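A closer look at the structure
One letter stands for each residue in the lines below.
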Amino acid sequence: MYIRMMGAEGLKRASEVAILNANYIAKRLDSYFPVLFKGKRGLVAHECIVDLRQWKSAGIEVEDVAKRLMDYGFHAPTVSWPAAGTMMIEPTESEPKHELDRFCDAMISIHAEIEAVANGKMDRENNILKNAPHTAQQIASGKWDRPYSREQAAFPAPWTRKHKFWPAVARIDNVYGDRNLFCSCPPVEEFSEG
């Protein structure tokens, strides 16, 4: 239905806007994060792939940035594909410019947080990126033993004060979950007709 409703002209326009959006993000972020897979003219296609590998020596991984984006109210883009240590940002044709700017502002702010770790201003293990995302339960807890403020953790950008998305769960060991699968489904016997 989408293709039929859009028609040839609509699909062409949607593609043009998606490509424009990806290039807008690539240009805004290029001086903070290297953008991979640019064409001859320095442009990207419908996706912008930013490289985070240069901060691996400082202990910062692409997953840390992905989790921190949640504190800014964003679901993380695809990580480590098509290259390990990268983030593939794929803005659609429906993203308005103010939303693209909000995302870029969050990434630029996260860049400053990365640099603080890389420059030794923040602890390599106990920092705002490694502890992200920050849940409401953590922020409201009577115990706060982090080397940064609750405000920095929960409200890293002005828009998060008005429209805050609270992650329900803090960081989990993703690799453990990938390697130790279990089924929470009812036993097959419950589905058999009796």
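This text goes with the structure placed above it.
First things first, this report covers the structure right here in the doc. (Residues numbered from 1 in each chain as written. Predicted model: local features only at pLDDT ≥ 70, side-chain atom pairs only at ≥ 80, totals over all residues. Heavy atoms only, no water.)

What follows concerns the packing of helix α2 (residues 62-71) against helix α3 (residues 97-118). One can describe the packing of α2 onto α3 by two numbers: an axis separation of 10 Å at closest approach and a directional angle of 125°. Overall, the two elements α2 and α3 adopt an arrangement that is oblique. In the crossing of α2 with α3, the sense of the turn from one axis to the other is right-handed. On the side of α2, the interface is formed by Val65, Arg68 and Leu69, while α3 contributes Phe103, Ala106, Met107, Ile110, Glu113 and Ile114. For the contact of α2 with α3, the per-class residue count stands at seven nonpolar, no polar and two charged. (Axes fitted to C-alpha atoms, helices over the stretch in contact; angles between N-to-C directions. Helix = DSSP H or I, 4+ residues; strand = E, 2+ residues; numbered from the N terminus. Parallel < 35°, antiparallel > 145°, perpendicular 65-115°, else oblique. Left-handed = near helix turned anticlockwise from the far one by under 90°. Contact = heavy atoms within 4.5 Å. Nonpolar A, V, L, I, M, F, W, Y, C, P; charged D, E, K, R; others polar.)

This part is about the nonpolar core. Residues Leu29, Val50, Met87, Met107 and Ile114 are the most contacted members of the largest nonpolar core, which totals 40 residues. Elements with a contribution of two residues or more to this core: α1 (2-29), β2 (48-51), α2, β4 (86-89), α3 and α5 (150-154). Per-element accounting of this core gives the leading share, 10 residues, to α3. When residues no more than four places from it in sequence are discounted, the contact partners of Met87 are Cys48, Ile49, Val50, Leu52, Val62, Val65, Ala66, Leu69, Pro77, Thr78, Val79 and Met107. (Core = buried A, V, L, I, M, F, W, Y, C linked by side-chain atoms within 4.5 Å. Buried < 20%, exposed > 50% of the residue type's maximum accessible area, 1.4 Å probe, protein only.)

By the definition in use, this model includes zero disulfides. Sulfur of Cys48: no disulfide; nearest cysteine sulfur belongs to Cys104 and is 8.0 Å away. (Disulfide = S-S within 2.5 Å.)

Counting across every chain of the model gives five aromatic pairs. Relative to Tyr148, the ring of Trp144 lies with its centre 5.9 Å away and its plane at 85°, an arrangement referred to as edge-to-face. Consider the rings of Phe155 and Trp166, whose centres lie 6.0 Å apart with planes at 85°: the pair is edge-to-face. Placement of the pair is Phe155 in the loop between α5 and α6 (159-162) and Trp166 in the loop between α6 and α7 (174-179), with a sequence separation of 11 residues. For Trp166, a relative accessible area of 31% translates into the label partly exposed. Stacked on the ring of Phe155, the Lys or Arg Arg161 has its end atom at 4.6 Å from the ring centre. The ring of Trp166 has Lys164 lying over it, and the distance from NZ or CZ to the ring centre is 4.9 Å. (Phe/Tyr/Trp six-rings, centres within 6.5 Å; stacked < 30°, edge-to-face > 60°. Lys NZ or Arg CZ within 6 Å of the ring centre and 35° of its normal.)

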